Amino acid sequence: SLYEGKLKFTVPEGFQPMSRELIAVKFPRANAPQHVYADAKTTTSIAFTHSVSKLSDERLEEFLGAMVSMLPGLKPGLKWIKKEIVVIQDHRWACLEFTTPGADSVIHNEILATPMGGRALLVNLNTVDSLLPSVESKLAAVKASLRLAP
């Protein structure tokens, strides 16, 4: 569990917490995630960010729309797969799934967002697109296991 037990999820077999130093290298920006779990080669990761951005369940659709508008400008070459509201463990999440060109491969991303304590909780599941068939079931299991404390 993370965030003082407020978020529970299943860590896939073979995934380990990434060190602060490696997070800083892999996510070299001011708003790097607080927690990241990755496979041994760090080609597949699950990143968690409890943002300072305010978010309520009533504004989830608005948040989804804002992300849909904003992301293509931040990620040139983005190709949408999904952009919708999903329900996981009786909790509503904004779900954005897309691919982006990376330095040497296409990256598959799925960002899930929901309110936690009045702020946006973001979960980013990403992998090298060519590896998706081999890790898709692990990422789906993480997604299905996401549980917020009442």
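In this text the structure is predicted, and so the values were computed from the model without any measurement.

Reading the values: rules and limits
Residues numbered from 1 in each chain as written. Predicted model: local features only at pLDDT ≥ 70, side-chain atom pairs only at ≥ 80, totals over all residues. Heavy atoms only, no water. Phe/Tyr/Trp six-rings, centres within 6.5 Å; stacked < 30°, edge-to-face > 60°. Helix = DSSP H or I, 4+ residues; strand = E, 2+ residues; numbered from the N terminus. Buried < 20%, exposed > 50% of the residue type's maximum accessible area, 1.4 Å probe, protein only. Core = buried A, V, L, I, M, F, W, Y, C linked by side-chain atoms within 4.5 Å. Contact = heavy atoms within 4.5 Å. Expected span 1.5 Å × (residues − 1). Pairing = 2+ DSSP bridges. Axes fitted to C-alpha atoms, helices over the stretch in contact; angles between N-to-C directions.

Overview of the packing of aromatic side chains
Throughout the structure, instances matching the rule amount to four aromatic pairs. Ring centres 4.6 Å apart and planes at 35° place the aromatic pair Phe9 and Phe48 in the tilted group. Pair noted here: Phe9 is in the loop between strand 1 (7–8) and strand 2 (16–17) and Phe48 is in strand 4 (residues 44–54), with a separation of 39 residues, a long-range link. When the centroid spacing of 5.6 Å and the interplanar angle of 75° are considered together, the rings of Trp80 and Phe98 count as edge-to-face. In this pair, Trp80 is assigned in strand 5 (residues 79–88) and Phe98 in strand 6 (residues 91–101), connecting sequence segments 18 residues apart. Judged by relative accessible area, Trp80 falls into the partly exposed class, the value being 26%. Residue class for Phe98 comes out buried when judged on its relative accessible area of 0%.

Some details on unusual backbone geometry
Not every positive phi belongs to a glycine, and Tyr3 is a case in point at roughly 55°. Along the chain, the position of Tyr3 falls in the segment before strand 1. Positive phi, normally seen in glycine, also occurs at Thr42, with a value near 55°. Examined against the element boundaries, Thr42 turns out to sit in the loop between strand 3 (35–38) and strand 4. Residue Thr42 is classed as partly exposed on the basis of its relative accessible area of 22%.

A look at the nonpolar core
Soluble globular proteins tend to bury their nonpolar side chains together. By size, the foremost hydrophobic cluster in this structure holds 22 residues, and its most contacted members are Leu7, Ile46, Phe48, Trp93, Leu112, Val123 and Leu146. Breaking this core down by element, the ones donating at least two residues are strand 4, strand 5, strand 6, strand 7 (106–116), strand 8 (119–128) and helix 3 (132–145). Every residue in contact with Trp93, bar those within four places of it in the chain, is listed here: Leu60, Glu84, Ile85, Val86, Ile88, Leu112, Ala113, Thr114, Leu121, Val123 and Leu146. One finds Leu60, Phe63, Leu64 and Leu78 within the second-largest nonpolar core, a separate group that totals 13 residues.

With respect to helix 3
Over its 14 residues, helix 3 runs 19 Å from end to end, which matches the ideal 20 Å to within 8%, given 1.5 Å per residue. The complete set of buried residues in helix 3 reads Leu132, Val135, Leu139, Val142, Lys143 and Ser145.

Considerations on the side chain of Asn126
Relative to the helices and strands, Asn126 resides in strand 8. The contacts of Asn126, once residues within four sequence positions are left out, are Thr43, Thr44, Ser45, Ile107, His108 and Asn109.

Considerations on the sheet that holds strand 4
Within a sheet, adjacent strands bond to each other through the backbone by hydrogen bonds, running parallel or antiparallel. An order of 2-3-4-8-7-6-5 is seen for the seven strands of this open sheet, with the pairing classed as antiparallel. Each edge of the sheet is formed by a strand with only one pairing partner; in this case those strands are strand 2 and strand 5. Summarising the sheet, strand 6 and strand 7 pair through eight bridges and their orientation is antiparallel. Residue Phe98 lies in a different strand from strand 7, and its bridge partner there is Asn109. Packing against the sheet, helix 2 (residues 60–74) makes contact with strand 5, strand 6, strand 7 and strand 8, and its axis sits at approximately 10° to strand 6.

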